[in-house]
Amino acid sequence: MAQLGPYRTGEAPQPLRTAYWLTAAVGSGLAGIALDAVLGPRIRGFWLRIAFVSLAVTPPVTLFIYALNASMLDLPRRPWLLPQLGWQVLVVLLLMMTLRALAWRRIVETRTIVEPPLPDADRALRLRLSARRRGARLIAIEAEDHYVRVHTDAGSELLSMRFSEALEELSRAHGFRLHRSWWGAADAIEAVRWRRGGGEARLSGGIAAPVSRSYAGALKQAGWR
């Protein structure tokens, strides 16, 4: 900005122009960072957060730049030009806050890290399955009325038992309660798509299971965000 000299700052000598833009950028930036630390975590959405914080901090920063223009650049004091100055401040703030947010943004690969399954942790449930699926990989179980549908990589099978009984037999297995009628094996979860109030888990074999708000916490703690 000191090199370009926008907003009538190009007429000032280079050292003064550099000092002006450094003061303006640092002062405005600190105000934006402070407000973002207070309000930012409450706002969902990367770009919405940038826009909201930039808009909210524009009025006080505009007054700061107005005073800076008068003291450092000796520009005439014209309060009726504050709206125009505010627009200029907003443009620069949006640029600054966007660059800051992109620089600090972390792209995190989410995955579930689990210990090896306990020996025979799901043996009791497997013994209920037919011989074809008894040794298959367990993916999920789903409640269907008074039955439980067991999903494996060798297909699904319906068992005559209550969902609560199936959960009890899987109490030592590595998995997550996803919904009041769903349980998924930890190593079968491939992705979680979050929505307001819950989400949807994509499991091995193309199975999609709902994730309710009540059981979302355990998934998020495991890294599925």
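Look a little higher up for the structure.
Residues numbered from 1 in each chain as written. Predicted model: local features only at pLDDT ≥ 70, side-chain atom pairs only at ≥ 80, totals over all residues. Heavy atoms only, no water.

Novice: Just give me the short version of the overall build of the protein, but keep the residues and values in it.
Specialist: A count of helices and strands for the protein gives seven helices and eight strands. Its C-alpha atoms give the protein a radius of gyration of 29 Å, more than 25% over the compact-globule value 17 Å for 225 residues. Of all 225 residues assigned to the protein, the portion counted as buried reaches 40%. The long-range share in the protein, meaning contacts at least 24 apart out of those at least 6 apart in sequence, stands at 50%. Positive and negative side-chain charges in the protein, numbering 30 and 18 respectively, have mean positions lying 9 Å apart. (Helix = DSSP H or I, 4+ residues; strand = E, 2+ residues; numbered from the N terminus. Rg over C-alpha atoms; globule rule 2.2 N^0.38 Å. Buried < 20%, exposed > 50% of the residue type's maximum accessible area, 1.4 Å probe, protein only. Contact = heavy atoms within 4.5 Å. Lys, Arg positive; Asp, Glu negative; His and termini not counted. Charge placed at Lys NZ, Arg CZ, Asp CG, Glu CD.)

Novice: Which residues make up the packing of helix α1 (residues 14-39) against helix α2 (residues 46-72), and what are the values?
Specialist: When two helices pack together, their arrangement is captured by the angle between the axes and the distance separating the axes. Put simply, α1 and α2 touch, their axes get as near as 9 Å, and they point 145 degrees apart. The handedness of the crossing between α1 and α2 is right-handed. Residues Leu16, Ala19, Tyr20, Thr23, Ala24, Gly27, Ser28, Ala31, Gly32, Leu35, Asp36 and Leu39 of α1 form the contact with α2, whose own contacting residues are Arg49, Phe52, Val53, Ala56, Val57, Val61, Phe64, Ile65, Leu68, Asn69 and Met72. For the contact of α1 with α2, the per-class residue count stands at 16 nonpolar, five polar and two charged. (Axes fitted to C-alpha atoms, helices over the stretch in contact; angles between N-to-C directions. Left-handed = near helix turned anticlockwise from the far one by under 90°. Nonpolar A, V, L, I, M, F, W, Y, C, P; charged D, E, K, R; others polar.)

Novice: An account of the pairing of strand β2 (residues 147-152) is needed here, citing residue identities and associated values.
Specialist: Bridge count between strand β1 (residues 138-144) and β2: six bridges; the pairing is antiparallel. Across the sheet, Glu144 pairs through a bridge with Tyr147, a residue of β2. The antiparallel hairpin formed by β1 and β2 contains two residues in its connecting segment, where Asp145 sits at a positive phi of about 55 degrees. As paired elements, β2 and strand β3 (residues 155-159) share five bridges and run antiparallel to each other. Opposite Val150, over in β3, you have Glu157 as the bridge partner. Linking β2 back to β3 in an antiparallel pair, the connection comprises two residues. (Pairing = 2+ DSSP bridges.)

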